[in-house]
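Fold and geometry: a report
As a plain string of letters, each chain reads:
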Amino acid sequence: MGTKKALTGIIKDALSSCIQKGVLSVNEIPAVELDTPRFQQHGDFSCNIAMILASKEKKPPQFIAKSIAENIEDNYRILAKVEVAGPGFLNFFITDDYWRNSLKDIEELNGSYGKGNIGAGKEVQVEFVSANPTGPLHIGHGRGAAVGDTLANILKAAGYNVVKEYYINDVGNQMETLGRSVSLRYIELFGREIDFPKECYQGEYIKDIARDIKAKYKDRYLDGSDGEATSFFSVYAADYILEGIREDLRDFNVEFDEWFSEKTLIEKDKISEITSELEDKGYIYQKDGAFWFKTTKFGDEKDRVVIRANGQPTYFASDIAYHKDKLERKFDMIINIWGADHHGYILRMESVIQAFGKKKEVLEVLLVQLVNLMRDGKSIAMSTRSGEFVALKEVIQEVGKDAARYFFLMRSSDSPLDFDLELAKKQSNENPVYYVQYAHARICSILRLAKQRELHIPRFEEVKIDLLNLPEEMILIKQLLKYPDLIERSALSLEPHRITGYLNELAGDFHSYYNKNRVISNDSNLTMSRLFLVKMIRVVLKNALRLIGVDAPERM
RNA sequence: GCGCCCAUAGCUCAGAUGGAUAGAGCGACGGACUACGAAUCCGUAGGUCGCAGGUUCGAAUCCUGCUGGGCGUACCA
């Protein structure tokens with residue numbers, strides 16, 4: 001059992017005895033929240049329950065805190081002392097023995113240390129990246145990929161069943177534009193003059209695709225009828241680009257469980273099925289020759305078009321069908337990770353969810369603010385069409401997969417991110433990811449040396465654990481034991497960036513310890529204890545790094 | 001105009017659902033390798049948490065207004 005959980009139970013019991021004895025008069029025990037204080041002198045955990053009860057009880061908080069403290073029964077012997085402090089905090093000090101003995105849990109669980117069950121097997125879908133197959137992934141997609149993939153990993157570790165999904169927009173105007181772009185470049189390859197319109201995709205990759213087609217099919221598509229050719233070109237190009245996207249994602253350590261094609265929705269005629277269903281329910285009506293969805297019913301400022309007057313469905317129509325499909329797959333929670341420029345669609349999608357009779361809370365949209373890509377301090381506009389973008393692939397090659405992933409996860413996703421390529425390249429040796437990886441490599445190095453000297457790497461039972469009694473060692477041990485709680489909190493708040501913050505702290509605690517103390521010394525008992533501690537640090541570093549998809553190298 | 005997000009050290013950002021004395025990294029300055037990896041460590045300097053009110057035992061955190069920035073506000077995708 002976790003320390004926090006055990007302590008919460010103890011406090012609840014104390015509250016009940018207070019109520020029984022008539023010291024407190026509330027009939028219900030309020031939720032007990034435990035905080036980790038910033039300062040050591042405030043103990044390992046602090047509880048503000050007395051101050052919350054004070055107004056209800058009309059008694060001074062210090063009095064209530066004192067009463068609770070007096071009624072505490074420490075059956076598990078985990079408490080060194082309890083103090084009433086400040087305006088009425090209850091400060092709890094856990095015994096060093098209890099902390100040290102908890103290291104055994106880390107050893108036993110090893111690779112699965114940190115996993116919890118707060119998710120209770122709930123089905124969750126995380127949809128992310130979902131870039132249109134009209135061009136390679138750029139750096140902005142990279143941020144979404146890192147955030148989505150890590151969030152999925154965290155949710156899995158917290159006991160959810162997670163499906164990672166990529167939605168492919170493989171129909172619509174942009175597909176035609178793509179086909180036309182490639183077809184023009186193809187024609188150009190045969191030496192003919194072309195007029196390449198502005199709205200076509202300008203990137204170099206379009207020419208690559210055209211060359212690929214020429215190599216394979218020679219001039220077969222040179223003089224076909226326009227419609228036929230365009231359709232061939234767009235399908236070919238989309239497949240080609242999508243294959244590249246899959247590769248880039250694999251290189252970025254991101255694997256999807258499902259690739260969901262918009263085209264399949266069209267082929268199964270899902271859109272007319274869904275619109276007529278919603279029309280029956282009264283959420284869709286006809287006006288000016290178009291079909292409108294009554295999003296105003298859910299707080300939108302105006303209704304939105306689903307089917308245009310020309311009979312063409314809008315992008316919104318596909319999204320309705322897609323989300324209906326998600327609902328039919330019975331997920332308890334649907335998480336969409338979107339670029340912040342899509343925030344206007346949140347309300348719209350929530351309307352859809354509610355129109356299908358579900359609570360809007362089923363859908364969670366996590367907005368990832370845009371990446372402001374810079375080169376030498378100057379912003380680079382990111383548009384697939386202008387062709388002036390930096391591919392994710394290029395970034396991975398320049399700064400490495402690990403640095404890129406870590407960088408994207410270092411700050412909360414709701415603040416915009418400046419990513420200066422020159423800076424990232426220049427500072428790659430000072431990148432924070434190396435700080436963490438170095439801690440791991442250092443531990444591996446210590447363990448290698450120990451083996452070289454034919455020292456036994458001990459198990460918990462073989463160690464005199466109370467030799468770990470330095471303040472730095474206690475800090476490290478407590479930090480390690482916080483890890484499961486961290487995963488739980490990151491999962492509940494959908495905040496993957498907390499993992500990098502934790503890793504940085506843990507690595508810092510270790511580096512500091514390392515510089516001050518020797519692990520391998522002449523004192524063989526002490527050496528054993530410290531080797532064990534260091535091995536446990538490695539377990540946690542490795543687990544947390546795996547969570548964010550960054551390698552834990554044994555040498556650097 | 002309306003909506004969403006943001007404003008914390010010179011720069012880039014944390015800040016655990018309202019807690020006690022504000023935290024890192026980079027940059028600046030000064031130190032530490034005859035012992036496990038110096039990609040490290042130790043120390044110093046740096047703050048009216050955008051401004052003004054409000055809520056309460058207690059606010060960087062919640063509410064209102066203002067200022068300044070990003071994004072959105074299509075029968076585009």
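Residues numbered from 1 in each chain as written. Chains lettered and ligands numbered in written order. Predicted model: local features only at pLDDT ≥ 70, side-chain atom pairs only at ≥ 80, totals over all residues. Heavy atoms only, no water.

1. Considering the overall build of chain A
To be explicit about the condition: Helix numbering and strand numbering both begin at the N terminus, where a helix is a DSSP run of H or I of at least 4 residues and a strand a DSSP run of E of at least 2. Throughout this description, buried means an accessible area under 20% of the type-specific maximum (1.4 Å probe, protein chains only), exposed means over 50%, and partly exposed covers the range between. Two residues form a contact once any of their heavy atoms are found within 4.5 Å. Here the accessible surface of atoms and residues is derived via Shrake-Rupley with a 1.4 Å probe, and residues count as covered only by protein chains that are part of the display. Charge counting follows a simple rule: Lys and Arg are positive, Asp and Glu are negative, and His as well as the terminal groups are ignored. Charged side chains are reduced to one point each, which is NZ for Lys, CZ for Arg, CG for Asp and CD for Glu.
Tallying secondary structure elements over chain A gives 20 helices and 15 strands in all. Considered along the principal axes of its C-alpha atoms, chain A spans approximately 90 × 65 × 40 Å. With 556 residues in all, chain A has 50% of them scored as buried. The long-range fraction of contacts in chain A, counting pairs at least 24 apart against all pairs at least 6 apart in sequence, stands at 73%. Just so you have it, chain A exposes about 26800 Å², and 46% of that area is on carbon and sulfur atoms. Within chain A, one finds 75 positive and 83 negative side-chain charges whose respective centroids are separated by 3 Å.

2. Examining the confidence of the model for chain A
Low pLDDT marks regions whose predicted coordinates should not be analysed in detail. Definition in use: As a per-residue quantity, pLDDT reports the predictor's confidence and falls between 0 and 100.
Summarising the model, chain A shows a mean pLDDT of 90, and 95% of its residues fall at 70 or more. Taken as a whole, residues 383-387 scores under 50 in pLDDT and shows 14 contacts with residues more than four places along the chain or in a different chain. In the predicted complex, the global pTM is 0.94; the interface-specific ipTM is 0.94.

3. Section: the pairing of strand β3 (residues 79-85)
Regular strands place side chains that alternate from one sheet face to the opposite one. The condition is simple: By definition, two strands form a pair when at least two bridges between them are found by DSSP.
Pairing of β3 with strand β4 (residues 89-94), which is carried by six bridges, proceeds in the antiparallel orientation. Across the sheet, the residue bridging to Ala85 is Phe89, located in β4.

4. Quick look at the packing of helix α14 (residues 401-408) against helix α16 (residues 432-452)
Note the threshold: Each axis is a line fitted through C-alpha atoms, and for a helix only the stretch in contact is used; angles between axes span 0 to 180 degrees, taken between their N-to-C directions. Geometric relationships in this document are graded by angle, where less than 35 degrees denotes roughly parallel, more than 145 denotes roughly antiparallel, 65 to 115 denotes roughly perpendicular, and other angles denote oblique. Two helices that cross are described as forming a left-handed crossing if the nearer one is turned anticlockwise from the farther one by less than a right angle, and a right-handed crossing if clockwise. Residue type decides the class: Asp, Glu, Lys and Arg count as charged, Ala, Val, Leu, Ile, Met, Phe, Trp, Tyr, Cys and Pro as nonpolar, and the leftover types, Gly among them, as polar.
The contact between α14 and α16 brings their axes to 8 Å, and the two run at 110 degrees. The angle between α14 and α16 falls in the class roughly perpendicular. As α14 runs across α16, the sense of the crossing is right-handed. In this structure, α14 uses Asp402, Ala403 and Tyr406 to contact α16, whose residues at the interface are Pro432, Val433, Val436 and Gln437. Of the residues contributing to the contact of α14 with α16, the split by class is five nonpolar, one polar and one charged.

5. Here we look at the protein's contact with RNA strand B
Put simply, the rule reads: Being near a molecule or strand, for a residue, means having at least one of its heavy atoms within 4 Å of it. We call two N or O atoms a polar contact when they sit within 3.5 Å, provided that within protein one can donate a hydrogen and the other can accept it, with sequence-adjacent residues counted only if both atoms are side-chain atoms.
Lining the immediate surroundings of RNA strand B are 60 residues, of which Gln41, Gln174, Arg308, Tyr345 and Tyr438 lie closest. Per the 4 Å cut-off to the protein, sugar and phosphate atoms form 56% of the nearby atoms of RNA strand B. A distance of 2.9 Å is found between a phosphate oxygen of RNA strand B and a backbone nitrogen or oxygen belonging to Ser412. Contact between RNA strand B and Arg518: a sugar or linking oxygen at 3.1 Å from a side-chain N or O atom of the residue. At the level of secondary structure, the elements contributing two or more residues to the surface near RNA strand B comprise β4, α6 (173-189), β9 (290-293), β10 (304-307), α16 and α19 (497-516). Of the residues forming the surface near RNA strand B, the biggest block, eight residues, is contributed by α16.

6. A short note on the side chain of Glu473
Following the sequence through the fold, Glu473 ends up in helix α17 (residues 471-481). Within the local environment of Glu473, its side chain forms a polar contact with the side chain of Tyr513, the two groups lying 2.7 Å apart. For Glu473, the contacting residues outside a window of four places in its chain are Leu467, Leu468, Tyr513, Arg530 and Leu533.

7. Concerning the sheet that holds strand β7 (residues 258-261)
Ordered in space as β7-β6-β5-β11-β12, the five strands form an open sheet in which the pairing is parallel. Single-partner strands in this sheet number two, and they are β7 and β12 (363-368). For this sheet the average axis-to-axis angle between neighbouring strands, irrespective of direction, equals 25 degrees. Summarising the sheet, strand β5 (residues 123-127) and strand β6 (residues 161-168) pair through five bridges and their orientation is parallel. Within the sheet, the bridge partner assigned to Val126 lies in β6 and is Lys164. Running over the sheet, helix α5 (residues 139-157) touches β5, β6, β11 (333-339) and β12 and is turned about 155 degrees from β6.

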